[in-house]
Each structure stands twice: as C-alpha cells, then as structure tokens.
Amino acid sequence: MSIEKVRAFFAARGRGGDVLEFPVSSATVELAAQAVGVIPARIAKTLSFKSPEGCVLVVMAGDARIDNRKFKDQFSMKASMLPPEDALALTGHAVGGVCPFAIENEAVKTYLDVSMKRFETVFPAAGSGNSAIELTCAELEDYSGAAGWVDVCKGWEETAV
C-alpha cells in the first residue's frame, strides 16, 4: 500500500510518527481540511499532469487553481490531467492520496507552487485517501525532491491567511 511506502520514507528520515492517518476520508481538499482541522487553503493538494517524459506533479495550496496560460508558459505544454489509472501507474499513489513522496519513477517531476508560501506549514497527503503530514514549505521542498518553485496557479491571492 502507498501509505506504508510513505510512512517508511518518513521513518527513514526520523519523521515516521508524523504521518497522520484519519478514520475519515481526506481525499478532497474540503475533507482533508475537516480531518486536519485547518482552513482548506493549508491543504497542499498534488495534481498530476501528462508530460512527454511521463508526469509533472504540481503541489499547490488548497484554494489555488491551475492557470492554463501560466502552466503553458512554465512547462511549454497544455495542462492535461492524468487519468486516475495513469496517475497510480506513474506515481504509485492513487488519486485522493497522490503526494510527492516515495516516488521511485524518474519520469515524475515535482514542482511546488508559490501559493503555499504564505503559510508556515501545509498538509500534503501521505499516500492514501485518509492521511496527511504537516510540513513547512522548506521541508516539503526537501522531502519532495522538487525541481523548483513555480507560479502556475490563480484564485488563491484573495484568501486571507
């Protein structure tokens, strides 16, 4: 199971006990915010997009939406979401639990959107539809092995912290 891989990933880094597992679903931003007890914007959602090499993951604030123009300018391709079965095949995580951790496929590149930088900590999924981990943006960057920070989202600027 994917959550076990993510738990082992964090255990190897001394953070195994920090993976939160909920008795309820956290598969959507709203459900995750309820499970964690934070505003939806602090949920770090991970979306998977088709790329010529495989897959691009974009981790963004829960209140952000992809801006198609910014995405195309950044990645030189259309923002086309992967079908759920392709997301699972490429990342090892099912939709609802897709996260940038414990991914062993070099065809998957992770980017972090600046929409999260307004928060001290955010809550990305941890490999299942009922899990999360609280991380600072610097920790998220480190643990995800992100290729960098990007500005490919819209709609989040209006949300107060």
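Keep in mind it's a predicted model, so treat the numbers as computed, not measured.

A. View of the packing of aromatic side chains. All chains considered together, the criterion is met by seven aromatic pairs. Taking the centre distance of 5.1 Å and the plane angle of 90° together, the rings of F9 and F10 count as edge-to-face. The same class applies to F9 as to F10, namely buried. Centre to centre, the rings of F75 and Y111 are 4.9 Å apart; their planes meet at 70°, and the pair counts as edge-to-face.

B. Quick look at helix α5 (residues 137-144). Listed in full, the buried residues belonging to α5 are C137, L140, Y143 and S144. The buried residues of α5 occupy an angular sector of 135° when the element is viewed end-on, so they sit on one face. Away from the buried face of α5 by more than 90 degrees, exposed residues A138 and D142 are located. Those residues of α5 that are buried are in contact with α1 (2-11), β3 (54-61), β5 (108-113), β6 (121-124), β8 (135-136) and β9 (149-150). The first or second residue beyond α5 is G145, which carries a positive phi of 65°.

C. A look at α1. Residues of α1 that are buried include every one of S2, I3, V6, F9 and F10, and no others. Seen from one end, α1 has its buried residues packed into an arc of 120°, which puts them on one side. Against the buried residues of α1 lie β1 (20-21), β7 (131-132), β8 and α5.

D. Expanded view of the nonpolar core. Among the nonpolar cores identified, the biggest contains 39 residues, and F10, V58, I66, F75, F101 and M116 are the most heavily contacted of them. Those elements that place two or more of their residues in this core are α1, β2 (43-51), β3, α3 (68-75), β5 and α5. Among the elements that make up this core, the one with the highest residue count is β3 (five residues). Ignoring anything within four residues of it in the chain, the contact list for V58 reads K45, T46, L47, F49, I66, F71, F75, Y111, D113 and V152. Within the second largest apolar cluster, eight residues are counted, among which are F22, V29, I43 and A132.

E. Examining the sheet that holds β2 more closely. With respect to topology, six strands assemble into an open sheet ordered β8-β6-β2-β3-β5-β9, the strand pairing being mixed. If you trace the sheet from one side to the other, it starts and ends with β8 and β9, each paired once. Strand direction decides the pairing type here: β5 and β9, joined by two bridges, are parallel. Looking at β9, one finds that D113 is bridged to V150. This element, helix α2 (residues 29-36), spans β2 and β6 of the sheet and lies at about 150° to β2.

Parameters and conventions
- Residues numbered from 1 in each chain as written.
- Predicted model: local features only at pLDDT ≥ 70, side-chain atom pairs only at ≥ 80, totals over all residues.
- Heavy atoms only, no water.
- Phe/Tyr/Trp six-rings, centres within 6.5 Å; stacked < 30°, edge-to-face > 60°.
- Buried < 20%, exposed > 50% of the residue type's maximum accessible area, 1.4 Å probe, protein only.
- Helix = DSSP H or I, 4+ residues; strand = E, 2+ residues; numbered from the N terminus.
- Arc of directions from axis to C-beta.
- Contact = heavy atoms within 4.5 Å.
- Core = buried A, V, L, I, M, F, W, Y, C linked by side-chain atoms within 4.5 Å.
- Pairing = 2+ DSSP bridges.
- Axes fitted to C-alpha atoms, helices over the stretch in contact; angles between N-to-C directions.

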